[in-house]
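Topology and contacts: notes
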Amino acid sequence: MSALLDPMAAAGLATAVPLDRAVLLAAVLFAIGLAGVTSRRNVLIVLLSVEIMLNAANLALVAFSKVHGDPTGQIFVFFAMTVAAAEVAVGLAIVIAVYRLRRTTDVGEFAALHEVDYGPVPYPQLEGKPVHHHADSDDGHEHGGAPADGSAEPAAAGEEAHG
Amino acid sequence: MTEVLFYCFAAVAVASAVIAISRKNAVASALWLVLMFFALAGTYVLLEAWFVAVIQILVYAGAIMVLFLFVIMLVDLRSEELAMMGAPRFRWPGLLTSALFLAVAVFVVLNTRETFQAAAEGGPDGDAGTIGYWLFHRWVLAFEVTSVLLLGGMLGAVILTKRRLT
């Protein structure tokens, strides 16, 4: 790789690590985290991908702290890690609270903030299977007939429009 | 030598991050992420940010990932359900977005790479003494506010996971 023969290193100015390479690594890691956040459906893996993105930002901050000769970047990394710890604690608490309500970790199921009645959810019930919206569970939810009504209504409306 | 080590750490970090976001089992995902944190800590050492490297291992690979693993084991699917699932499906708009971001970021970095020179005086000393000096002189207010933030995060986590607020 010709990039190893760096003119900056020849001038004796650079640290041993080429800083543009470090920033490139940060960009690649951030893109990987972004892919995880935007394309996975498991909310735990989404949160893990957020951690990857935070780490990429930290790496960029350390590299730029080296560029500017200023320790402020490294101190900012310290604060970013502290905020990340608080964010993980609250985020995982929200995941547990939503899981208790929905019995799933699929982000597609997290759309509604209000409670949806899936029937009685005993606590703690770690052996229970997650209830999906299409599940034929027998836990007595009263809107079992709702999909049939929902599919019947557009058909009726279409008939009216034709008539 | 340092450059070779840097490329090794970078390869390990990128590979373990890709593996981490493509596992269907979140526990395996978290463990691969621990490997990525260690590789990044090695990168911080090579960048002479000693204090950040130690904090990375202590806080990220230690505390945060343990919290993650506990919650994953509380919440995630059983192993028989995992066996029934196929490989994790990626939604292509997300992959397209991140590929676009990667293209733009790499383009910007490659076009400004001659400005990425280390400072003439060799840069800051990243040891605990220097960081601690700045933390308790110029940034002492932010440091104290951080403690309030952590208290708020702790109270929020406890209240959110409580079953009944009575």
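Owing to the predicted nature of the structure, the values given are computational and were not obtained by experimental measurement.

Quick look at the overall build of chain B now. Helices and strands together make up the secondary structure of chain B, namely seven helices and zero strands. Counting across all 166 residues of chain B, residues that qualify as buried make up 28%. Contacts in chain B between residues at least 24 apart in sequence constitute 58% of all its contacts with a sequence separation of at least 6.

This brings us to the interface of chain B and chain A. Across the boundary between the two partners, chain B contributes 74 residues, which contact 67 residues of chain A. Elements with a contribution of two residues or more to the side of chain B that touches chain A: helix H1 (2-22), helix H2 (26-46), helix H3 (50-75), helix H5 (92-111), helix H6 (128-137) and helix H7 (140-161) of chain B. Sorting elements by how many residues they give to the side of chain B that touches chain A places H3(B) first, with 13 residues. Here the residues of the side of chain B that touches chain A are counted per class, giving 53 nonpolar, 14 polar and seven charged.

Attention shifts here to the packing of helix H3 (residues 43-68) of chain A against helix H4 (residues 72-102) of chain A. All names here are of chain A. One way to put it is that H3 packs onto H4 with a least axis distance of 9 Å and a crossing angle of 175°. Classified by the angle between their axes, H3 and H4 sit roughly antiparallel to one another. Across the interface between the two elements, Val43, Leu44, Leu47, Glu51, Leu54, Ala57, Asn58, Leu61, Val62, Phe64 and Ser65 from H3 touch Thr72, Gly73, Gln74, Phe76, Val77, Ala80, Ala84, Gly91 and Val95 from H4. Of the residues contributing to the contact of H3 with H4, the split by class is 13 nonpolar, six polar and one charged.

Here we come to the confidence of the model for chain B. Here chain B averages 87 in pLDDT, while 88% of its residues score no lower than 70. For this predicted complex, the interface confidence reaches an ipTM of 0.90, while the overall pTM sits at 0.77.

All names here are of chain B. Its domain assignment divides chain B into domain 1 (1-110) and domain 2 (124-166). Relative to domain 2, the C-alpha centre of domain 1 lies at a distance of 24 Å. Taken together, the contacts link five residues of domain 1 with four residues of domain 2. Its residues placed into classes, the side of domain 1 that touches domain 2 shows four nonpolar, no polar and one charged.

Cut-offs and rules
Residues numbered from 1 in each chain as written. Chains lettered and ligands numbered in written order. Predicted model: local features only at pLDDT ≥ 70, side-chain atom pairs only at ≥ 80, totals over all residues. Helix = DSSP H or I, 4+ residues; strand = E, 2+ residues; numbered from the N terminus. Buried ≥ 20, exposed ≤ 12 C-beta atoms within 10 Å, placed from the backbone. Contact = placed C-beta atoms within 7 Å. Nonpolar A, V, L, I, M, F, W, Y, C, P; charged D, E, K, R; others polar. Axes fitted to C-alpha atoms, helices over the stretch in contact; angles between N-to-C directions. Parallel < 35°, antiparallel > 145°, perpendicular 65-115°, else oblique. pLDDT = per-residue confidence, 0-100. Domains from an automatic or database assignment.

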